[in-house]
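# Understanding the architecture of this molecule
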Number of protein chains: 4
Amino acid sequence: MIQFKLDPKSGVPFYRQIIDQIRYGIASGQLTVGEQLPTVRALAVELKINLNTITKAYKELEIQSILETQQGTGTFIGPKAVVIPEKEKNAKLSDICQEFLMIARSYGFSLEEVINELKLKGGKQ
Amino acid sequence: MIQFKLDPKSGVPFYRQIIDQIRYGIASGQLTVGEQLPTVRALAVELKINLNTITKAYKELEIQSILETQQGTGTFIGPKAVVIPEKEKNAKLSDICQEFLMIARSYGFSLEEVINELKLKGGKQ
Amino acid sequence: MIQFKLDPKSGVPFYRQIIDQIRYGIASGQLTVGEQLPTVRALAVELKINLNTITKAYKELEIQSILETQQGTGTFIGPKAVVIPEKEKNAKLSDICQEFLMIARSYGFSLEEVINELKLKGGKQ
Amino acid sequence: MIQFKLDPKSGVPFYRQIIDQIRYGIASGQLTVGEQLPTVRALAVELKINLNTITKAYKELEIQSILETQQGTGTFIGPKAVVIPEKEKNAKLSDICQEFLMIARSYGFSLEEVINELKLKGGKQ
DNA sequence: GTGGTCTAGACCACT
DNA sequence: GTGGTCTAGACCACA
């Protein structure tokens, strides 16, 4: 199971927050292959958002072969969910670090400051 | 002076990329107080993007008192450009680290991987 | 007798897969007029799917006069099972070929590729 | 450019028909890399369907790296649009042929009948 | 002008 | 009950 949380102030669209949390849930082992996700309706009620927004998030993950849906049955973590090609993974890591550094530096933060803050936050969880 | 580069694939809007690069230019000392920036027109031609996009970026930095526009003369780095309140700075640092960690984790990257990559990238420049 | 197989990934609904396999069983001579089909209950257990799904498939074939259900006895291949009006048959052939071509082309397959693959597969059985 | 057509009777969802037609347009050379697609609004008016339906189709193709969208600018055929891994392509060909044969046979059509019909239809276009 | 997101609500298809 | 599709309409963000 997994506890979803939405932050309306973040500027990140709801459906993307859901996608990120599911991806993180899988990567961190909270969600396991074959596990059923909350139904679109249940999650819509829980998060107090529209049903279509949940559908959109699930759909995108299905296209990416991370989720599998069976109409009339439910939505499940797909078997390929864990597999991320090493190549693609490294490229992605490089990408997001690059962008993050750019932003951090634009505020004048040094590499040390940033890493300290990350260690602080990272240690908590 | 400063060399602007735009990446259409990054998902970061053009005007924000420009803002980030100017802020970074100042923080890193490439841009100094009083220095003149390219005219909107010149930059629009150079980056092959719409004039309004540049205007929007300059305007937002002007609101933040980082740039100063003199009618008919041009746009300059303002005197307050370097000053960022300590309080605001820490909050910002926390914010961007928080979001970055969330994203990194959604791809399954560990804190160590991320920090290593950052050190690698950070050392180069 | 006939061995049913369901493919959840195909996108084709279960009840339709069952219908197709029964129709194919008849057309290929594996199922003969008067033969008894598995009970809905038995088939539901065997395929590990809901009882209603089997019922739906049988019911649709009953409407098409391909199956006959005798209360308390079971479901059988009806005597009209083999008869398909020539007109309807040609229209159907045209329909399914049309749709198949559209799909094949959307993936960039040429007519030759498709026909070769079909001959390959068709020869096996 | 490309001429879109929707068939409400086909049972195939609108957004999927659009996806198929774009894929086919690319595969057949009617749509070339970098070409701009109709705006979501324009296409919605042209096809007399809701704007969201077009958005959905474009979005799915964007996730598949077939289209690229720049907010405020438009939607374009992406550079990777033509590249389909040979492996994946063959698997797909096998898949769709398999399913097609199954259906064709369930109606009692022989391999010859089917191939003749396909040649007939395929020759026209 | 472009696309992006979200809502409310409807109806359909499948299990 | 499950998910799938579509509409009408709104408001936002970007160029």
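Residues numbered from 1 in each chain as written. Chains lettered and ligands numbered in written order. Predicted model: local features only at pLDDT ≥ 70, side-chain atom pairs only at ≥ 80, totals over all residues.

## Quick notes on the interface of chain B and chain A
This is how the line gets drawn: Any two residues are considered in contact once their C-beta atoms, placed from the backbone, lie within 7 Å. Helical segments are the DSSP runs of H or I of at least four residues, strand segments are the runs of E of at least two, and each set is numbered from the N terminus. Under the scheme applied, nonpolar residues are Ala, Val, Leu, Ile, Met, Phe, Trp, Tyr, Cys and Pro; charged residues are Asp, Glu, Lys and Arg; polar residues are all the others, including Gly.
Listed by partner, the interface residues are 33 residues for chain B and 32 residues for chain A. Within the residue set of the side of chain B that touches chain A, elements represented by two or more residues are helix H1 (14-27), helix H4 (86-106) and helix H5 (111-124) of chain B. If you tally residues by element for the side of chain B that touches chain A, the top one is H4 of chain B, at 14 residues. When its residues are assigned to classes, the side of chain B that touches chain A shows 18 nonpolar, seven polar and eight charged.

## Here's the deal with the protein's contact with DNA strand E
Convention followed: Here, nearness means that the C-beta atom of a residue, built from backbone geometry, sits within 6 Å of the molecule or strand in question.
Looking at DNA strand E, there are 33 residues lining it, with Phe 14, Asn 50 and Gly 72 of chain A, Phe 14 of chain C together with Thr 39 of chain D nearest. Of all the secondary-structure elements, those providing two or more residues to the surface near DNA strand E are helix H1 (14-27) and helix H3 (51-63) of chain A, helix H1 (14-27) and helix H3 (51-63) of chain C together with helix H2 (40-47), helix H3 (51-63) and strand S2 (74-77) of chain D. A per-element tally of the surface near DNA strand E places H3 of chain D first, with four residues.

## Section: the pairing of strand S1 (residues 67-70) of chain C
Residues and elements named next belong to chain C. Put simply, the rule reads: For two strands to be treated as a pair, DSSP must find no fewer than two bridges joining them.
Examined bridge by bridge, S1 and strand S2 (residues 74-77) share four bridges and lie antiparallel to one another. Opposite Gln 70, over in S2, you have Gly 74 as the bridge partner. Linking S1 back to S2 in an antiparallel pair, the connection comprises three residues, with Gly 72 at a positive phi of about 80°.

## So, unusual backbone geometry
The backbone phi angle of Lys 48 of chain A is positive, close to 55°, even though this residue is not glycine. Mapping Lys 48 of chain A onto the fold places it in the loop between helix H2 (40-47) and H3.

## With respect to the domain arrangement of chain A
Under the convention used in this document: What fixes the domain bounds is an automatic or database domain assignment.
According to the domain assignment, chain A contains domain 1 (8-77) and domain 2 (86-124). On a C-alpha basis, the centroid separation for the pair domain 1 of chain A and domain 2 of chain A is 26 Å.

## What to know about the relation of the copies chain D and chain C
For clarity, the cut-off: Residues reaching a pLDDT of at least 70 in both copies supply the C-alpha atoms on which the copies are superposed by least squares.
Take chain D, turn it by 177°, move it 0.3 Å along the axis, and it overlays chain C with an RMSD of 0.7 Å. What the rotation and shift describe, once combined, is the action of a two-fold rotation axis. Across chain D, the rotation axis passes nearest the C-alpha of Ile 115 of chain D, at a separation of 3.4 Å. The residues that chain D uses at the interface reappear at the interface of chain C in 97% of cases, marking a shared surface.

## Remarks on the protein's contact with DNA strand F
Lining the immediate surroundings of DNA strand F are 32 residues, of which Thr 39 and Gly 72 of chain A together with Phe 14, Asn 50 and Gly 72 of chain D lie closest. Only H2, H3 and strand S2 (74-77) of chain A, H1 and helix H3 (51-63) of chain B together with helix H1 (14-27) and H3 of chain D provide two or more residues apiece to the surface near DNA strand F. Here the surface near DNA strand F gets four residues from one element, more than from any other, and that element is H3 of chain A. For the surface near DNA strand F, the residue count by class is 11 nonpolar, 18 polar and three charged.

## Structural notes on the interface of chain D and chain C
Facing 32 residues of chain D, the contacting portion of chain C comprises 33 residues. Every element with two or more residues in the side of chain D that touches chain C is listed here: H1, helix H4 (86-106) and helix H5 (111-124) of chain D. Per-element tally for the side of chain D that touches chain C: the top contributor is H4 of chain D, with 15 residues. A breakdown of the residues in the side of chain D that touches chain C according to their chemical character gives 17 nonpolar, six polar and nine charged.

## Side note on the relation of the copies chain B and chain A
Here chain B sits on chain A after a turn of 177° about the axis and a move of 0.3 Å along it, with an RMSD of 0.7 Å. Looking at chain B, 94% of its interface residues are interface residues in chain A too, so the copies touch through the same face.

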